[in-house]
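Letter by letter, the chains look like this.
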Amino acid sequence: MNIEDMLAADAIIPRLEADDKKQALQALATMAEAATGAGAPDIYAALVQRERLSSTSLGRGIAIPHVKLPAVKAITCIFARLDHPIPFESHDGEPVDLLFFLLAPEGAGADHLKALARISRLVRDPATLDGLRNAKDAESLRGVLVKPITSHAA
């Protein structure tokens, strides 16, 4: 699964202003409404419910909030780099500055997992993380996100 196929139009936010997790999730829900047609209140409620189960933070300043909703017709990803890191109930205690918000149709079991795996592989690459944290604008961020990952396998 290619991240370029999942990224919604205008779905890269180079400087998301949010003081806390709630504000960040609300901003993502609003952006997702425009990208998917699902209602922002429903998206936000699903995000809050998902975060209650366990934080979607991976550590190292990265979180992948993700939900499945009946109103979503295709797997959609929104990327946001926060203006400043925020607490996100991360397992490593580190604040989050990079958010990959993944929405999927309710019946997208295997495809949803493939999309999560693709993002997880992307953020394991230190060069990619540096690129995401240092890119100047949305176009530069898109270039980092869609660049093929070079394998470090022996």
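1. Focus on the confidence of the model for the chain
Then step 1. Of the residues in the chain, 95% reach a pLDDT of 70 or more, and the chain-wide mean stands at 91.
Then step 2. The weakest mean pLDDT in the chain belongs to helix H1 (residues 3–6) at 86; the strongest belongs to strand S3 (residues 62–63) at 97.

2. Thoughts on the environment of tyrosine 44
Then step 1. Relative to the elements of secondary structure, tyrosine 44 occurs in helix H3 (residues 40–53).
Then step 2. Placed 17 residues apart in sequence, tyrosine 44 and alanine 27 show a C-alpha to C-alpha distance of 9.0 Å.
Then step 3. Apart from residues lying up to four places away in sequence, tyrosine 44 is in contact with Lys22, Leu25, Gln26 and Ala29.

3. A word on the pairing of strand S5 (residues 76–86)
Then step 1. Burial analysis of S5 places eight of its 11 residues in the buried class, which makes it a mostly covered element.
Then step 2. Of the pairings in the sheet, the one linking strand S1 (residues 7–16) to S5 comprises four bridges and is parallel in character. Bridging from a neighbouring strand, isoleucine 13 pairs with alanine 80 of S5.

4. Topic: the packing of helix H5 (residues 126–134) against helix H6 (residues 138–146)
Then step 1. Relative to each other, H5 and H6 sit at 170°, their axes nearing to 9 Å. Regarding the angle of H5 to H6, the classification is roughly antiparallel. Two secondary-structure elements touch here, H5 through Thr128, Gly131 and Leu132 and H6 through Leu141, Val144 and Leu145.
Then step 2. Class assignment of the residues belonging to the contact of H5 with H6 gives a composition of four nonpolar, two polar and no charged.

Reading the values: the criteria
Residues numbered from 1 in each chain as written. Predicted model: local features only at pLDDT ≥ 70, side-chain atom pairs only at ≥ 80, totals over all residues. Heavy atoms only, no water. pLDDT = per-residue confidence, 0-100. Helix = DSSP H or I, 4+ residues; strand = E, 2+ residues; numbered from the N terminus. Contact = heavy atoms within 4.5 Å. Buried < 20%, exposed > 50% of the residue type's maximum accessible area, 1.4 Å probe, protein only. Pairing = 2+ DSSP bridges. Axes fitted to C-alpha atoms, helices over the stretch in contact; angles between N-to-C directions. Parallel < 35°, antiparallel > 145°, perpendicular 65-115°, else oblique. Nonpolar A, V, L, I, M, F, W, Y, C, P; charged D, E, K, R; others polar.

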